[in-house]
Amino acid sequence: LEEDHQKNKKQPTDIEGDIVPITGNYPNVPRASVILKYIPDPDMLEVKHGEEEFTLITNDGTAVTTELCSALISRGHKVTVLTFPKDLIQPGKHKLPKGIKEVKLRDTNDATIGAAISALKGSVSQFVHLHPHLRFPLGKLGLQFEKEKGLIKSVYFLAKHLKEPLTDLAEKHRTAFLVITRMDGAMGMKNPGNISVFGGGLFGLTKCLNLEWNKVFCRGTDIAPQLNAKYTAQKIYAELYDADQCLTDTCYSHKEKRYTLLAKPMTGIKKGQEIKFSITDKSVFLVTGGARGITADCVRQMAVSFKCKFILVGRSELQTKEPEWAIGINEEKDLKRNAMEALKASGEKPLPKIVQGMVGDVMAQREIEANLAFIKEQGGQFEYVAADVTDAKALKAAIKKGSAKLGNVTGIIHGAGRLADKLIENKTEADFNAVFDMKVQGLLAVAQSVNIEDIKHVVLFSSVAGFYGNVSQTDYAIANEILNKMAHLFKKNHPNIHVVSINWGAWDSGMVSPELKKIFKENKISLVPTDEGPKAMIDQLSKVYANQQQVILGGTLPSAKAATDGPLNTFVLHRTLLESANPFLKHHVIQGNAVLPIINASTWMAQSAADLYPGFHLARAEDVKLFNGIVFDGNQQDEYLTNVEEIEKSETLIKVKVNISSDNGTKLPTNHYRSIITLTSERREAPSIALPDINSYNPVEPNASIIYEDGTLFHGDDFRGVKQILELNKEGTLLLCEHEGVDPNRQGQFPVKELNVFLTDVMYQSLLIWIRRYHDCASLPLSTEAVEIYKVLPFARPFFVSLKVISSDDFGMEADITAFDAETGQVYMISRKARVTMSKELQWA
């Protein structure tokens, strides 16, 4: 190969890995990778159910069903179990607890499920689907397809018929729709290679329902199959009552750690950057849905970049001749008029649907012909074949025909898809089959129709509708989520193949109506430009991204927003706070005991409020007060209550009073912290501050690490972010700060979300630094009048902290503190009238 390379340096397309197209020019196509992020166990929301309300559970045939029933009954819940027909789930040997009502479905038709739900006595307040753990032998990927499709469709219909009872009851208290899978405890991302992933598509359903039913708590959770039934039931119960209504999916690994999926923004390849591919002009791509639409746009770009070959699979044969009424007519309105006249002439009624179909067929043929001509013009080769992509036998015959002319298939681009957009209550079995089969059964048919030994690239066209959910696209989201899980599974079994599922954002094309564009604009969601999207896809095929199985290209979709109509409510949250669950506390020790920083307490209050209201953002914390701090000296409580009392709410603003307390065994609880939290539906625009000229300062401490050793501060590594003390005088101080980051596992129950407790603590360290200099004593934060919140303080990025003293005496001081970006001057947070208490007797150690 190296000898050939030397001979053909002037012809790089002849050698694998040396093609360097000019790409990287797509500034309007955001790129994000999908990762697992560690999250703490949930705080539990207190929900009071009515006498006639019950939880409906589907029976997975294992001990998990029995254990979950027992867990609910022991806490005073009523339970009904729904058992599927034996062809979907075999009944297990585990008997249901006494008092459990069981409903057995004779079949899973839409009407049967609807009748079963209608016949239930009482009101369903919570629904939990337990999806079975299914495996397949090597080479039998589709073995569980029919069974899982039947189960998925059943849950789809259950959602349809549970919509009314769940949403009606949600006017009184929170109701829930939960899906539990037992794939790998990582939502399919850590598949060992033999676990069926079709059930993972149900996460797409719950994410869509979360948008369609804004008062119902909807979530998907994947729990590792190695975890025992009792533990699994405990975690399901915890998820059912999780107070965080912003999370849409979670999982528990075999190590019992909890994670969620996160889209992590990343930069794309720079324009002109030298990149390598394993695609040449000899590569042959099988493309479903590739003759029209966005898939065709990407194929065109591939023809430009690689001059490769394509077997394009279409639904129907290419027409060699247009109907006479369309010949020479280009304008759509003229085509419609001619089609109407042609129908009249033939004695048929020119119904709008028929006319539109006739014109659509003509325009589709023209688009296909134009795309094929473009491929040829660019030096690529193609063979168009007509086949039903869901029919493996017909597809294999069509591919054989194309391969006879172009060679064996070396790559797959599965871009075929259908839409049937409707709210869940209006969906039909025909809708589900049309959308689901094209994506999922089509992929299985493709996999059965090629020689896997020849394949070097697999590209699946998924959608952000699967990753984020979208209104009216439950079936589409289910199908696309399955493609995402399949990409990880496929890569595990074929590590040398470049596999990627591209979760496309909405394209700025004819499929996006003016009305939809308006919605996207209102939600500040960018569309994928038709000239940039294909370039982003080309770069995704480079060796740079060879190990990225799931990527998001383009903008997100409108997110869920909390309902703000109805009366003012009070929420009660239960938290078990343990020193062992919060490793960072070892870096915040005073006089030998770990102490919860007041910054953590204020973040606890603020984040608890934010988690209750999807679509709203932290804007302000007022009247933040400390009553009884939490010291881990062996006498502390483990259980705490967080009361969130609504003061006012509207579509744009929510204000709540938050109080943290614990039960000390007396009549009155012990109050620990209190604050007033304001959330807004739009993030406030951050003000900017003129950047100080660092070179003009003679730093008081050019290397501020000394202040963490000489008694000025007591903080350990997790809180050591002050890098330089640039200025320190009676009026205040200016600090240059930065922290590389705290491992998510060390963040414990205070993960960085809308607030970064670790860097906020660094911000407030300015108070202690100033007091040590001018009063030579230790001090502790006591209260804050108000905190203006604009953006999350970021790790691994320098920022300034400016402290301005308002007043000071021998007992305490008060100051304003501002944290702002060291490169842009943009403000992150402003703390107004932060107060501390100080004492000569107070010692850190």
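Residues numbered from 1 in each chain as written. Predicted model: local features only at pLDDT ≥ 70, side-chain atom pairs only at ≥ 80, totals over all residues. Heavy atoms only, no water.

Draft legend 1. Broad picture of the confidence of the model for the chain. This prediction gives the chain a mean pLDDT of 93; 97% of its residues lie at or above 70. A low-confidence stretch, residues 1-17 stays under pLDDT 50, and its non-local contacts, those more than four residues away or across chains, total 21 contacts. (pLDDT = per-residue confidence, 0-100. Contact = heavy atoms within 4.5 Å.)

Draft legend 2. Highlighting the packing of helix α8 (residues 332-345) against helix α9 (residues 352-377). Running from amino to carboxyl end, α8 crosses α9 at an angle of 125°, the nearest separation of the two axes being 9 Å. Classified by the angle between their axes, α8 and α9 sit oblique to one another. At the point where α8 passes α9, the crossing takes the right-handed sense. For the pair α8 and α9, contact is made by E332, L335, K336, A339, M340 and L343 and by I354, V355, Q356, M358, V359, M363 and R366, respectively. Here the contact of α8 with α9 is built from residues that sort into nine nonpolar, one polar and three charged. (Axes fitted to C-alpha atoms, helices over the stretch in contact; angles between N-to-C directions. Helix = DSSP H or I, 4+ residues; strand = E, 2+ residues; numbered from the N terminus. Parallel < 35°, antiparallel > 145°, perpendicular 65-115°, else oblique. Left-handed = near helix turned anticlockwise from the far one by under 90°. Nonpolar A, V, L, I, M, F, W, Y, C, P; charged D, E, K, R; others polar.)

Draft legend 3. Quick look at the environment of A404. Along the chain, A404 turns up in helix α10 (residues 392-406). Residues A404 and F285, 119 residues apart in the sequence, show an inter-C-alpha distance of 14 Å.

Draft legend 4. A look at the packing of aromatic side chains. One pass over the structure, following the stated rule, counts 22 aromatic pairs. Taking 5.8 Å as the distance between ring centres and 80° as the angle between the ring planes, the aromatic pair formed by F177 and W213 counts as edge-to-face. Of this pair, F177 sits in strand β7 (residues 175-181) while W213 sits in the loop between α5 (202-212) and β8 (216-223); the two residues are 36 residues apart in sequence, bridging distant segments of the chain. The burial state of F177 is the same as that of W213; both residues are buried. Aromatic ring contacts, followed pair by pair, group F145, Y156, F157, F198, F432 and F436 into a single cluster. It is R174 that lies over the ring of F217; its NZ or CZ is 3.9 Å from the centre. Sitting over the ring of F374, R300 keeps its end group 4.0 Å from the ring centre. (Phe/Tyr/Trp six-rings, centres within 6.5 Å; stacked < 30°, edge-to-face > 60°. Buried < 20%, exposed > 50% of the residue type's maximum accessible area, 1.4 Å probe, protein only. Lys NZ or Arg CZ within 6 Å of the ring centre and 35° of its normal.)

Draft legend 5. Quick look at the pattern of salt bridges. All told, the structure shown has 45 salt bridges when counted by the stated rule. The salt bridge involving K163 is made with E425; its shortest N-O contact spans 3.6 Å. With a gap of 262 residues between them, K163 in helix α4 (residues 145-169) and E425 in the loop between β14 (411-414) and α11 (429-449) connect regions that are remote in the sequence. A relative accessible area of 28% places E425 in the partly exposed class. Close ionic contact of D242 with R258 constitutes a salt bridge, the shortest N to O distance being 3.0 Å. On the criterion of sequence distance, the pair formed by D242 in the loop between α6 (229-240) and β9 (249-252) and R258 in strand β10 (residues 258-266) is long-range, its members being 16 residues apart. By relative accessible area, R258 is classed as buried at 3%. Taken together, the salt bridges that share partners define one network made up of R620, E622, K655, R684, E788 and R832. (Salt bridge = Lys/Arg side-chain N within 4 Å of Asp/Glu carboxyl O.)

Draft legend 6. Summary view of the sheet that holds strand β31 (residues 827-839). If you trace the 12 strands from one edge of the open sheet to the other, you get β2-β18-β23-β24-β25-β21-β28-β31-β30-β29-β27-β26, paired in antiparallel fashion. Sheet topology places β2 (44-45) and β26 (722-729) at the edges, where each strand pairs with a single neighbour. (Pairing = 2+ DSSP bridges.)

Draft legend 7. Spotlight on the side chain of N470. Along the chain, the position of N470 falls in the loop between α12 (464-468) and α13 (474-493). Judged by its relative accessible area of 17%, N470 is buried. Within the local environment of N470, its side chain forms a polar contact with the side chain of Q473, the two groups lying 3.0 Å apart. Apart from the residues within four sequence positions on either side, N470 is in contact with C208, L211, E212, A465 and L557. (Polar contact = N/O pair within 3.5 Å; in protein donor to acceptor, adjacent residues only side chain to side chain.)

Draft legend 8. Quick look at the pairing of strand β4 (residues 79-83). By the criterion of burial, β4 is predominantly enclosed, with five of the five residues buried. Residues of β4 alternate between two faces, with V79, V81 and T83 on one and T80 and L82 on the opposite face, all of them buried. Looking at chain direction, strand β3 (residues 53-58) and β4 are connected through four bridges and run parallel. Of the residues in β4, the one forming a bridge with T58 is L82.

Draft legend 9. Up close: α5. Counting buried positions along α5 yields 11 of 11 residues, so the element is predominantly enclosed. Within the sequence span of α5, burial applies to L202, F203, G204, L205, T206, K207, C208, L209, N210, L211 and E212.

Draft legend 10. Summary view of the side chain of Q747. Here Q747 shows up in the loop between β27 (732-737) and α17 (757-775). When its relative accessible area of 5% is taken as the criterion, Q747 is described as buried. One polar contact links the side chain of Q747 to the main-chain amide nitrogen of V752, over a distance of 2.9 Å. Aside from chain neighbours lying at most four places away, what touches Q747 is N582, F584, V742, V752, F758 and F795.

Draft legend 11. Here's a closer look at unusual backbone geometry. The backbone phi angle of Q591 is positive, close to 50°, even though this residue is not glycine. Within the secondary structure, Q591 is located in the loop between β19 (589-590) and β20 (593-595). In this structure Q591 comes out as partly exposed when scored by relative accessible area, which is 45%. If you check the backbone angles, K833 has positive phi at about 55° while not being a glycine.

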